[in-house]
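Structural features, examined
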Amino acid sequence: MSLFTWSRKKPRPATIPRTPKGAFTVDSSGQVVMTTLPAAMAARVQGPLCEAIISAFRDAHRAQLALTELTFNFQGLRVTARELRGGAIVFLYPIAGSPEATRQAT
Amino acid sequence: MPISPKILLLDDETDVLERFRGALSGLRSRPVVETCTSGAKAMSLLESENFSLLVTDLHMPGMDGLQVATIVRRKFPQLRLVVMTNGIDSSLRSRAYSLGVDLVWEKPGTKEELGLFQSCVESLLDEIQPGGFQGVQTKSLVDLVQLECLSRSSSLLRLTNGDEEGFIWIHHGEVMDAELGSLEGEAAFNRILRWANGSFEILPAQPDRARRIEQSWQGLLLNTAQEIDEMRGAAAVAAVEDEFDTALWHALSSAEGVEFVMSGQKASGIPASRRTAPKTPEVEAKGDDAVLAWAQKTWSAIEKVGQDAGLGPLCHVEGIGRQRHVGISAVDETIVCMGFNRKLSAEQVRATTSKIHQPA
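Treat the numbers as computed from the prediction; the structure is a model and nothing was measured.

The rules behind the values
Residues numbered from 1 in each chain as written. Chains lettered and ligands numbered in written order. Predicted model: local features only at pLDDT ≥ 70, side-chain atom pairs only at ≥ 80, totals over all residues. Heavy atoms only, no water. Helix = DSSP H or I, 4+ residues; strand = E, 2+ residues; numbered from the N terminus. Buried < 20%, exposed > 50% of the residue type's maximum accessible area, 1.4 Å probe, protein only. Contact = heavy atoms within 4.5 Å. Areas by Shrake-Rupley, 256 points an atom, 1.4 Å probe, with all protein chains shown as cover. Core = buried A, V, L, I, M, F, W, Y, C linked by side-chain atoms within 4.5 Å. Pairing = 2+ DSSP bridges. Axes fitted to C-alpha atoms, helices over the stretch in contact; angles between N-to-C directions. pLDDT = per-residue confidence, 0-100. Arc of directions from axis to C-beta. Parallel < 35°, antiparallel > 145°, perpendicular 65-115°, else oblique. Left-handed = near helix turned anticlockwise from the far one by under 90°. Nonpolar A, V, L, I, M, F, W, Y, C, P; charged D, E, K, R; others polar. Phe/Tyr/Trp six-rings, centres within 6.5 Å; stacked < 30°, edge-to-face > 60°. Lys NZ or Arg CZ within 6 Å of the ring centre and 35° of its normal. Buried area = accessible area lost by both parts, 1.4 Å probe. Salt bridge = Lys/Arg side-chain N within 4 Å of Asp/Glu carboxyl O. Polar contact = N/O pair within 3.5 Å; in protein donor to acceptor, adjacent residues only side chain to side chain.

**Digging into the overall build of chain B**
Secondary structure summary: chain B contains eleven helices and 15 strands in total. Counting all 360 residues of chain B, 44% fall into the buried class. In chain B, the share of contacts with a sequence separation of at least 24, taken over all contacts with a separation of at least 6, comes to 62%. Looking at chain B as shown, the accessible area adds up to about 18,600 Å², and 53% of this sits on carbon and sulfur atoms.

**Some thoughts on the nonpolar core**
Among the nonpolar cores identified, the biggest contains 43 residues, and A:Ile53, A:Phe72, A:Val79, A:Val90, A:Leu92 and B:Trp294 are the most heavily contacted of them. Among the elements that make up this core, the one with the highest residue count is helix 2 (residues 39-62) of chain A (ten residues). With residues near it in sequence (within four places) discarded, A:Ile53 still touches A:Phe72, A:Val79, A:Ala81, A:Ala88 and A:Val90. Judged by nonpolar contacts, the second largest core, of 24 residues, contains B:Ala69, B:Val83, B:Tyr97 and B:Val104.

**Details of the sheet that holds strand 9 (residues 183-184) of chain B**
Residues and elements named next belong to chain B. Reading across from one edge, 9-8-7-6-10 is the order of the five strands in this open sheet, with antiparallel pairing throughout. Strands at the two margins of the open sheet, each flanked by one partner only, are strand 9 and strand 10 (199-203). In this sheet, strand 8 (residues 174-180) lies alongside strand 7 (residues 164-171) in antiparallel orientation, the contact comprising six bridges. Looking at the pairing, His 171 lines up with Glu 174 of strand 8. The strands that helix 6 (residues 141-150) touches are strand 6 (155-161), strand 7, strand 8 and strand 10; relative to strand 6, the one it contacts most, it runs at about 175 degrees. The strands touched by helix 7 (residues 185-193) are strand 6, strand 7, strand 8 and strand 9; relative to strand 8, the strand with the most contacts, the crossing angle is about 80 degrees.

**Focus on the confidence of the model for chain A**
In this model, chain A carries an average pLDDT of 78, and 72% of its residues clear a pLDDT of 70 or more. Scored below 50 in pLDDT, residues 1-7 of chain A makes one contact in the model with residues more than four places away or belonging to other chains.

**Considerations on helix 6 of chain B**
All names here are of chain B. Of the residues making up helix 6, those classed as buried are Leu 141, Val 142, Leu 144, Val 145, Glu 148 and Cys 149. The arc that holds every buried residue of helix 6, seen down its axis, measures 165 degrees, which confines them to one face. The outward face of helix 6, more than 90 degrees from its buried face, is lined by the exposed residues Leu 147 and Leu 150. Taken from the residues just after helix 6, Arg 152 is the one with a positive phi, measuring 50 degrees.

**Considering the packing of helix 2 (residues 39-48) of chain B against helix 3 (residues 65-75) of chain B**
All names here are of chain B. Where helix 2 meets helix 3, the closest approach of the two axes is 11 Å, and the angle between their N-to-C directions is 15 degrees. Relative to helix 3, helix 2 is oriented roughly parallel. In this structure, helix 2 crosses over helix 3, and the sense of that crossing is right-handed. Contact residues: Gly 39, Met 43, Leu 46 and Glu 47 in helix 2; Val 68, Ile 71, Val 72 and Lys 75 in helix 3. Of the residues contributing to the contact of helix 2 with helix 3, the split by class is five nonpolar, one polar and two charged.

**Observations concerning the packing of aromatic side chains**
All names here are of chain B. Summed over the entire model, instances satisfying the criterion amount to three aromatic pairs over all chains. Seen in terms of ring centroids, Phe 20 and Phe 117 are 5.5 Å apart; in terms of plane orientation they differ by 75 degrees. Their pairing is edge-to-face. Taken together, the residues span a long stretch of sequence, with Phe 20 in helix 1 (residues 14-25) and Phe 117 in helix 5 (residues 111-127) at a distance of 97 residues. Residue Phe 20 shares its accessibility class with Phe 117, and that shared class is buried. Here Phe 167 and Trp 169 contribute two aromatic rings whose centre-to-centre distance is 6.0 Å and whose plane-to-plane angle is 40 degrees, an arrangement assigned as tilted. For the pair Phe 167 and Trp 169, a shared accessibility class is recorded, and that class is buried. Through a chain of ring-to-ring contacts, three or more aromatic side chains come together here, namely Phe 20, Trp 105 and Phe 117. Over the aromatic face of Trp 169 sits the side chain of Arg 209, whose NZ or CZ is 3.6 Å from the ring centroid.

**Some thoughts on the interface of chain A and chain B**
Taken residue by residue, the interface counts 25 residues in chain A and 27 residues in chain B. Area buried by chain A at its contact with chain B is led by A:Leu65, A:Asn73 and A:Phe74, which between them contribute 25% of it. Where chain A touches chain B, the interface holds one salt bridge. Of the charged contacts in the structure, one is a salt bridge between B:Lys297 and A:Asp59, with a shortest N-O distance of 2.8 Å. The tally of links between chain A and chain B comes to eleven residue pairs in polar contact (both at pLDDT 80 or more). Counting residues per element, the ones that place at least two in the side of chain A that touches chain B are helix 2, strand 3 (67-74) and strand 4 (77-84) of chain A. For the side of chain A that touches chain B, the element with the highest residue contribution is helix 2 of chain A, accounting for nine residues.

Have a look at this one:
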């Protein structure tokens, strides 16, 4: 590669992390049973979320809060977890008005 | 021929009045001394005649000495005022000086004490100049020290604020030393000057006092003024935050379907700092510390997951239950946990909970 071609090499566009969108199920032991999330996102998001969600439902039960659904609202993402026989089914979707939701709408 | 000053003596005991009339009549300035036995009578005399000095007893039936002093200071600011009593405690003394009394004196028991009292009264009468201004000083301590230093005075300032008593030694317009309890030097000076109110007394100078403050009075006052400004700024911010908190609290408590509201620190294990009174006895059991502890733990765990996985900041959390719903949000380091009636929809719970969140 000559100096000329090297200097004309176009810079790579900055990568913007995509907001996860999809669903997964988790059993009562915190293991993921099924997921529709892309593999890269699943690795980043699923593991820590599973643990936190199962723990939240369990602790709520101990505090005499019989919760069937928990929704966590992040700035651009909503995570809704529905209790499912000790486990949970978890939906992730961008919140309307967030950059991800706008991009998907267009 | 100079006009003789007029002194009004006020005491409920006539024998005391006669004793002091004799003592004061013999002063070098040959004052005219009149007496009365009640505050009301004293007021009417002061209205009708022009007196230079009022000497009043502190403890009297009906209107006491402090009440008399308060009225006199307001109505006759030019009048010199001496308060006398049997046994003075420091709080009474401070209170009297804060009312603008010129001198607080324990009733003289011996001949020597009477002589000293006569000298003091004489010096007070000597100080009375025709014309000029006189009134109650309501200056800040910074103003007071500045005044003493600018006029290059030498004095000992005795300052009281409630039970606390502090001293500032000034010599030829320089602050030499200060003392407040166990504090001394600059530390004591700074602490004394932070007092928002109190009373002061200028005592004779003590030029032999060792110098423990080396900084110039300008530097001292500048540092203190800066600290006071910072304190006021912090207090103002706290007041605004509190006002916001209170307004939010009332809005949430009165929102439709809200059964309870609790707030506490984000860290789990710290009990609720504030909670609404339960609206029904049934609610009391629901809004207990276990619920807040759950809210604290869940919020912390999910917030951490959001940070680690790059999901952005957590805004609010809603829980839908068979018996009740809950909402969690946070304002700075405070977690707010709300309980909702189960008849409310998830959207209604979300709408109310989202009101708490303040975007950064």
